[in-house]
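Fold and contact review
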Amino acid sequence: MPNAETLPEIWSIVRDQEHRYSVWSNDKPLPVGWTFVEFSGSRDECLAEIKRIWVDPRPLGLRQAMAEAAPSAPQIER
Amino acid sequence: MNKPFTQPHADQSITLTSAPDSHPLTLAQKRIWSLHQIGNNTVFPPQILTLRWSPKVRLDQLQAALATLAARHDALRVRFHRFAGGRIEVSAPADVQPPMEILGSESNPLRGHEVEDAAAAFAARAFDLLNGSPSRFQLVMAENGLVSTLVLHPIVCDCAAAAALREDLIACVAGQELPLVAGDFLARGAAEERYLETAELAASLQYWRQTIGEEYSAATLPTRFNATSYAGAARRHRRFAIDEALWGATKDFARRHALGPDQILMAAFAILLARCGGNYSPLLGTLLAGKTRSIVRTEQILPLRLQLSSRMTILEVCTALRSALADAIRNIVPFERLIQEIQAHEEREQDAFVKSLFEFRPRPAPSALATDDAAPAVRSDVELALVATPGSGGGIEALFDYADGIYQPELIERAAQHFERILAQAIAADTVRIKDIALVSNDEIAVLSAPYADDGVNDDRPVHDHISAHARQDPERTAIIHGDEIWTHGRLEQSANRLAHHLLRLGIGADVSVAIAVKRSPEAIMGILATLKAGGAYIPVEPDHPTSRNHHILRDGGVKVILTNSWLLDRIPDGLDAIILELDRLDLSGEPITPPDVAIHKDQLAYIMYTSGSTGLPKGVAVEHGPLTHHIQNTSRVYGMSEISRELPFLPFSSDGGHERWMNPLMEGGSIILPDQPLWTPEETLTAMRKHGANNASIPTTYLQQLAEWADATDSAPPMRLYSFGGEGLAQQTFDLLSTALKSEWLINGYGPTETIMTPMVWKVRAGEKFEGTYAPIGRAVGNRRVYVLDPDLNPCPIGVTGELYIGGEGVARGYIGKADITADRFIPDPFSNEGGRLYRSGDLTRWREDGTVEFVGRVDHQVKLRGYRIELGEIEAALLQDRSVGEALVVLRDDEATQQKMLVAYVVAKQGADIDIPALSAALERALPAYMVPSAIMPLAAMPINPNSKLDRFALPAPAPVQRQIVMPATALEEEILDIWREILNVDPISVEDNFFAIGGNSLGAIRILSALRRQKPQTPATIADLFNNPTIRSFAAVLEREDGKAGSEVIVLRASGTRPMLYCFPGLLVSTREYVRLVDYLGPDQPATGFICYSLSEKKEIGASVDEIIESYVDYIRRTSAGQPCYFLGWSWGGLLAYEAARRLGNDIDLRLITMVDVCDLGTEFAIGAKPRFKPGERDHLHATVQQWLARTAMRAEWDRLLGVMDADTYDQFLRFVGDEKDELPTDGPDISSREHTFWILIDNALIFRRHELKPHDVPIHSWAADDSLNRGLNLIDWRRYSPRANPAEIISGTNHLHVIGSQAFHSRLSHRLEEAFQNLSKEHGKVR
């Protein structure tokens, strides 16, 4: 089954409250809980940009909790 | 004109003494005649027109009107004539009227339902086309007026014509003037014959070949599992309505865009097919009705090929339709001719190219004089038809007419609703695209996606806290049984606590990972718990896995500490920035036994599980504590786990499912029996269960079959509460076996990608549950999850429609370690959630079942297309794995230099200690799968080729090659002699004396040549072709020749010697050997013995002008000798049907013949029938005669031809000349070789002379017959056995095949098998009674 999602159309980078990133077609209403990040292009372009900007995989809540618990602890790099 | 002759048939009434002015039939009429001939009146049902007249209409008015109509329309007066050899022509005498019956009277009218009953009984009467009229009228005097019923045979009238007739009748009764009509009924056949010879037609055929192509795939709705084995002639109807408001809106929309409203309906149908069939290049049909007022059959199926995309609006679909329709009309070709053109491949069965048909019927103009009272007839030569007619209520009355058994009735039921939804949404605004249309309502989505009902409330504490709490409560309780070792909950807790303290000091904390490089053991579990307690994330590393893979995991996972054993140190790569702890050498006695005080955030990582994708290196899937603990708690409730649970987890620790299955019992305070070896034998497994009192077991699907087989054979399964399994598709037969053999109350089939945490979906059933499908269902979601089956536009698929599985909710992983882009690609925003969240795209094709559970169909990337069929490779692999000896199976579609063409190749690896019998496996596949799914080659491998990442290396799969043969040299002079002949004739070298003749390319003609060569060298040899077929190796054949007991010289081929069922005698067709029956006999299985007779034209005893009686002589003797007094069956194909019938008649009560099965048995063509006088153009006869004489002077077969021509009388010679004149090719001169065209031609003429003298006489014998679809389309003169035996049935139709290939058609095999089984059951019942 050809995946129509990969057909040439405009996609955007989106992010949820926990700062998880994904991509969404501009063609469809944005699902609840997600906001647009200022980046649009092909699906692959969006994914490449996410690879660049999403450096901390931890959900926002955990980042904050860890920062509070040990403000001086080194950030885990991944 | 031909002189009609006295046909020597049982039915003497067709004798004609005078020749009316008669005309040929059209192709459509010939097809309907053939169907009528074999007793089928469902494909083209009769046209029935029932009208209730207003009380003021009088009987004499109606009678007069009918007389007027009969004079006006040839169709109402036609008569059919059978000419010599069976050709049918039609005439329309001026002075006849259709028969009319009048029921009731003014004084004694029919009352209430008597009227309907009378009309129904009248309509149900069969037509006798040769002796009567193809139409009849009934007038019923009812209480409140007259009711008239006209019944017309479909050969004279289609739907549009019936509507025209209705209009004429009403106008006539009203006394109106009728418009002139073209009296073209009789001329249409000849006109069509002329058209079929034109260049215009050739160009149109070219257009269709290009448009439809070879790789077509007809649009249709999803069919049910194993649809071909259910398909029968029966039809089902589903009526539904489009209400006035929607139809009104449709008409407005159409008007605004200058379209016909019927086009909008057709576009909605195309959209339905695209959305539900997933085919956006649909090939569908529409019925083009005639526009004439004359009564004729003119309707045509027009195939329409559309190129759609889900972004199109309905207007764009209409544009595509309009252009396809215009092209189709420009290139119109009789459908019967088109089928022959498109489905021209002789070597394979072909799928229909129109499976879905749209038909719009205008509403009959309402009349004050009469109201209509009958549902119109629908032709049913396609699998699915949608017929839409404007109804009296202002809306549309629609009907799905579909083949019973092909589609689930529930699916059609919903398709009706979907059609309405599509129409309503598509016309709501001009901008609505196909992808914007919702087929499934929000309420339905909510129900379908819902998880298992679960009222329990989850506790947010992490998994290890739950386990810890049980240890504190009851430390002496058993936690782990491992060989002779028993770990209590207390011991596990204390050890884990000590290690946790140690890990904390090494810097383990939130989102820091610890590798568990220890084999499955209590220590491994202890190490995992310690990691969790310290706040870290564990990564299981199997010490046995390839070093390169482990190295990648340890690096990629950013491992800070590696837990291992001293004896495994050499497996740990050097150069890692990690602390290695050897558990067996670690002294933790100084650490506290109490749990460390570490707070766990719900979002911090619990584990990272490495999973192999289809490409590249394994990816680490990171899972957080919150979803994990909730998942395990939900699973506990679905599985019914408690502190008394004692589970045997057999899943490996390298899969996340393996971890679920120890966490779950321990978290409930229960225990596990941890196998002390990577693999136990089934015996060891069952013994351990019994010994330790297991009540649950979790087993990899790949191991289940062995376990169940062992348990079944030894009856050694202990009673269990629950088995859970997963990891692979579970085939139906395996499920049925374990369901009976394992003595378990519950069975759970689990499914889940690592990315959605352990087992996000389960199918939980009682043992004994049945299901329809290749694989066991994967059920529904567990816990805080929902699952969706979505199309590529993320629209939910209706039940039964295949789409990709998406899993969303809390129970999904954080993502892939270090791969933000792949995480964003696979985890997408959840459009169905009201509170945010992500959906994981699984890559698995699935569909919702009727009960809302999900069925696994295959991998998205595992579906291929071959010759127009969509093939799920997994389905073939599942069939291969059904074989007990097959351990692993892989099927690929190869299209490379080695194969030269697209072909399916299967690779199989034997189970340990087993040998795979490739021919037997191949035969089993032919029984289990449709022909197009049977691999062209099955290649046994010692092991599947693996690349360094432990993934299958597809490039290393060997090309299919002829199996390496062992060459056995001849041992005797005779063997040597035969070997030389084989080499020369088969052109194969080397040949082993044990090679099977047929396996190395031998066929019937080769066999004959071998015999002739042998006879040249040894003139006295008695060997026959049957001897060679029965002894198909050089060694066995030589042995027969050397035997002195006179066994050689046989005319009989043993197709299968053994079996308890009555013998099946197979009679050969003309020019074919009985080898063609081999596949059929394979299909019927080992219990059905079968014997074949050598084809007469290949027989040594061949004589010129032998009669049928002489030919069957030896068969009859043989059958009498071997089956006297015994039950047996006959099978006759093509002309063999005649031989079978005559043999049955001759044998009479000497044998107990239970059933004759007849396959596509035709009468002779018209050419050589006695009395048929051929027509010649002026001078043509002399010219042909001269041609034949010149040819005879040149041919090497002069002597044979002279003998044949010598027995012909003058009329017959003229027929021969006509035959020669009608042949497209030059007369052949390549004889007398047995494979030459000339020899074939000679056999054909010789056979025609035998057949023409033969008369079929009635004989009371059970006959079941079948006809190939293509033979009907060609209007072949199939024999209607009901004319000869009172115990014959109307023939069933085998679609997608022709006269030559029907014998190998699987659809035929399954139906024949069914009939033989039926006959056998009857026989057994009788015997039961006797006893």
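Residues numbered from 1 in each chain as written. Chains lettered and ligands numbered in written order. Predicted model: local features only at pLDDT ≥ 70, side-chain atom pairs only at ≥ 80, totals over all residues.

1. Thoughts on the overall build of chain B
Worth spelling out the cut-off: Numbering goes from the N terminus for both helices and strands, where a helix is a DSSP run of H or I of at least four residues and a strand is a run of E of at least two. Radius of gyration: over C-alpha atoms. The globule rule applied is 2.2 Å multiplied by the number of residues raised to the 0.38 power. Around each residue's C-beta, the other C-beta atoms within 10 Å are counted; 20 or more make the residue buried, 12 or fewer make it exposed, and counts in between make it partly exposed. All C-beta atoms are placed from the backbone. Distance between backbone-placed C-beta atoms decides contact: two residues are in contact if it is within 7 Å.
The secondary structure content of chain B amounts to 37 helices and 47 strands. For chain B, the C-alpha radius of gyration of 38 Å lies close to 34 Å, the compact-globule estimate for 1331 residues. Overall, chain B is about 120 × 95 × 65 Å in size when its C-alpha atoms are taken along their principal axes. Per-residue burial over chain B gives 48% buried out of 1331 residues. If you take every contact in chain B between residues at least 6 apart in sequence, the share linking residues at least 24 apart comes to 73%.

2. Concerning the confidence of the model for chain B
Residues and elements named next belong to chain B. In plain terms, the rule: Note: pLDDT gives the predictor's confidence per residue, expressed from 0 to 100.
For chain B, the average pLDDT comes to 87, and 92% of its residues sit at 70 or higher. Put simply, strand β37 (residues 869-872) is where chain B has its lowest mean pLDDT, 70, and strand β33 (residues 827-829) is where it has its highest, 98. Considering only residues more than four positions removed or in separate chains, one finds that residues 1-19, a stretch of pLDDT under 50, has 34 contacts.

3. Examining the sheet that holds strand β29 (residues 780-781) of chain B
Residues and elements named next belong to chain B. As a reminder of what qualifies: Any two strands with at least two DSSP bridges between them are considered paired.
Spatial ordering of the open sheet is given by β16-β15-β24-β23-β25-β26-β27-β28-β29, a layout of nine strands whose pairing is mixed. This sheet does not close on itself; its edge strands, each paired only once, are β16 (485-488) and β29. Relative to strand β24 (residues 671-673), strand β15 (residues 478-482) is paired through two bridges, and the arrangement is parallel. Bridge pairing links I481 to I673 in β24.

4. What about the packing of helix α20 (residues 701-714) of chain B against helix α21 (residues 732-741) of chain B?
Residue and element names in this part refer to chain B. So the rule is basically this: A fitted line through C-alpha atoms serves as each axis, taken over the contacting stretch for helices, and the angle formed by two N-to-C directions is quoted from 0 to 180°. Comment on the angle field: the value is read as roughly parallel under 35 degrees, roughly antiparallel over 145, roughly perpendicular from 65 to 115, and oblique elsewhere. Crossing chirality is assigned from the near helix's rotation relative to the far helix, an anticlockwise turn below a right angle marking it left-handed and a clockwise turn marking it right-handed. Residue polarity is assigned by list, with Asp, Glu, Lys and Arg as charged and Ala, Val, Leu, Ile, Met, Phe, Trp, Tyr, Cys and Pro as nonpolar; anything else, Gly included, falls into the polar class.
The geometry of α20 relative to α21 is characterised by a closest axis approach of 9 Å and an angle of 45° between their N-to-C directions. Here α21 runs oblique to α20, going by the angle between their axes. The handedness of the crossing between α20 and α21 is left-handed. Only T734, L737, L738 and A741 of α21 make contact with α20, whose side of the interface consists of L704, Q705, A708, E709, A711 and D712. Per-class residue counts for the contact of α20 with α21 are six nonpolar, two polar and two charged.

5. Some thoughts on the interface of chain B and chain A
Listed as interface residues are 31 residues of chain B and, on the opposing side, 32 residues of chain A. Where the side of chain B that touches chain A is concerned, the elements lending two or more residues are α22 (820-826) and β33 of chain B. When the residues that make up the side of chain B that touches chain A are grouped by side-chain class, the tally is 11 nonpolar, 11 polar and nine charged.

6. As for the environment of H482 of chain B
All names here are of chain B. Assignment of secondary structure puts H482 in strand β15. Residues H482 and R520, spaced 38 residues apart in sequence, show a C-alpha to C-alpha distance of 9.9 Å. Setting aside chain neighbours within four positions, we find H482 in contact with S521, P522, L674 and D676.

7. As for the nonpolar core
Residue and element names in this part refer to chain B. For clarity, the cut-off: Each nonpolar core comprises buried Ala, Val, Leu, Ile, Met, Phe, Trp, Tyr and Cys residues, the members being joined through C-beta atoms within 7 Å.
Ranked by internal contacts, the top residues of the largest apolar core, which has 232 residues, are A268, A270, I271 and I516. For this core, the element with the most residues is helix α8 (residues 261-277), which contributes 12 residues. Excluding its chain neighbours within four sequence positions, the residues that come into contact with I271 are I314, V317, I422, A426 and I434. Among the nonpolar cores identified, the runner-up in size contains 137 residues, and Y1065, Y1115, F1130 and L1272 belong to it.

8. Digging into the pairing of strand β31 (residues 803-809) of chain B
Residues and elements named next belong to chain B. The buried fraction of β31 amounts to seven of the seven residues, a majority that puts the element mostly inside the structure. Note that strand β30 (residues 785-790) and β31 share six bridges and pair antiparallel. Considered in β31, the bridge of V787 is made with I807. As paired elements, β31 and strand β34 (residues 838-848) share five bridges and run antiparallel to each other. Paired with G808 across the bridge in β34 is L839.

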